[in-house]
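# Structural description and commentary
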Amino acid sequence: MDYNNILVSQNDNGITTITINRPSKLNALNTETIGELHTAFAKANEDITAKVIIITGTGEKAFVAGADISEFANFSVAEGAELARKGQEDLFDFVEKLPTPVIAAVNGFALGGGLELAMAAHFRIASDNARMGLPEVSLGVIPGYGGTQRLPQLVGKGRAMEMIMTAGMIDANTALSYGLVNHVVTQEELLPRTQKIAGKISRNSSVAIAAGIKAINAGFIDGVDGFKAEIDAFGTCFGTEDFKEGTTAFLEKRKASFPGK
Ligand code: COA
């Protein structure tokens, strides 16, 4: 499929890389890009051979410098609310709930919607030049793609309050110390290191990983008992071919070869 704003590639190990490719706008997320990302994530998720998805940005300067400000500068109250609702539904919640693991390789500025996209991914790895922040209040608005919810989940309420109120940026090592990213590496190492971790994930049972994502996410949904969700997801695993293969391979002292079912 041809896209105008993203590039999609898949390697032999089932790792799909989606690269946001609007370098002249520092990969800012306009409506068309959000639509293309939705399609690419959905397609990769439907593809049984795609085991892990990496999301990153073109170039060495920006992961994503935010939502495209030029698109919404004249929006009304209703249009603003609809922008956030549709964006959350099509991309940010969609990515977080995806059964296929998503890793954000944060290669530069991750601001506003860019940091929100990285936070919707299942975890994050940053290059040492990355700078992260939610600058929306400097524009007279607040984060609308889940930032007020996911940032406190990841860094704690006080740090999230400070980041959102100051509209400031933190560097990669501060993000590491906050737990916002899991690893910081050089620019050159960013994709190889992310691919290495993705490769490790891809050797495990994809259906068990999907059950794990669902159970972890359940604990962050209001009114849902995460422990109960874990029990259900745990039980489900016992009915899968992957479980049979994983336990049999262990008992036969060989490496498991998971069918992914
Ligand atoms: N939306 C639309 N366009 C954006 C953008 C955004 N979020 N971020 C950057 N761009 C565009 C700039 O307008 C500029 O386009 P132009 O060359 O046609 O004028 C181009 O990307 C390069 O950005 P520029 O500002 O010249 O680069 P810089 O190195 O001087 O500054 C940033 C980099 C990231 C500090 C700066 O671009 C910035 O503050 N961007 C907005 C960040 C933001 O507030 N995001 C949250 C949006 S809700």
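A few words now on a negative patch on the surface. There is a patch of like negative charges on the surface, built from Glu 60, Asp 128, Glu 188 and Glu 189. If you trace the backbone, Asp 128 turns up in the loop between strand E7 (123-127) and strand E8 (131-133).

For the rest of this paragraph, the subject is the site of the ligand. Lining the immediate environment of the ligand, one finds 15 residues, of which Lys 25, Lys 61, Ala 65, Ala 67 and Ile 69 sit closest. One nitrogen or oxygen atom from the main chain of Ser 24 is found 3.4 Å from an oxygen atom belonging to the ligand. Contact with the protein chains covers 59% of the free accessible surface of the ligand, which is 870 Å².

Further remarks concern the domain arrangement of the chain. Segmenting the chain into domains produces domain 1 (6-202) and domain 2 (206-251). For domain 1 and domain 2, the distance between their C-alpha centroids amounts to 26 Å. Approximately 560 Å² of surface area, both sides summed, lies buried where domain 1 meets domain 2, with 66% of it carried by carbon and sulfur atoms. Broken down residue by residue, the surface that domain 1 buries against domain 2 is led by Glu 96, Pro 99 and Gln 153, which jointly contribute 52%. Counting across the domain 1 and domain 2 interface gives zero salt bridges. Between the two partners, domain 1 and domain 2, sit one residue pair in polar contact (both at pLDDT 80 or more). Taken together, the residues of the side of domain 1 that touches domain 2 break down into four nonpolar, three polar and three charged.

Okay, the pairing of strand E2 (residues 15-20) next. Most of E2 sits out of view: six of its six residues are buried. Burial of the side chains of E2 extends over both faces: Ile 15, Thr 17 and Thr 19 are buried on one face and Thr 16, Ile 18 and Ile 20 on the other. When strand E1 (residues 6-10) meets E2, the two strands line up antiparallel, connected through five bridges. Residue pairing in the sheet places Ile 6 in a bridge with Ile 20 of E2. A loop of four residues connects E1 with E2, the two strands running antiparallel in sequence, and Gly 14 in this loop sits at a positive phi of about 80°. In this sheet, strand E3 (residues 52-57) lies alongside E2 in parallel orientation, the contact comprising six bridges. When the sheet's bridge partners are listed, Ile 15 is paired in E3 with Val 52. With helix H1 (residues 31-46) bridging E2 and the parallel E3, this β-α-β connection has right-handed handedness.

What counts and what doesn't
Residues numbered from 1 in each chain as written. Predicted model: local features only at pLDDT ≥ 70, side-chain atom pairs only at ≥ 80, totals over all residues. Heavy atoms only, no water. Patch = residues over 30% accessible without salt bridge, like charges linked within 9 Å, V, L, I, M, F, W, Y side chains within 5 Å. Areas by Shrake-Rupley, 256 points an atom, 1.4 Å probe, with all protein chains shown as cover. Salt bridge = Lys/Arg side-chain N within 4 Å of Asp/Glu carboxyl O. Lys, Arg positive; Asp, Glu negative; His and termini not counted. Charge placed at Lys NZ, Arg CZ, Asp CG, Glu CD. Helix = DSSP H or I, 4+ residues; strand = E, 2+ residues; numbered from the N terminus. Near = heavy atom within 4 Å. Polar contact = N/O pair within 3.5 Å; in protein donor to acceptor, adjacent residues only side chain to side chain. Domains from an automatic or database assignment. Buried area = accessible area lost by both parts, 1.4 Å probe. Nonpolar A, V, L, I, M, F, W, Y, C, P; charged D, E, K, R; others polar. Buried < 20%, exposed > 50% of the residue type's maximum accessible area, 1.4 Å probe, protein only. Pairing = 2+ DSSP bridges. Right-handed = clockwise from strand over helix to strand, strands pointing away.

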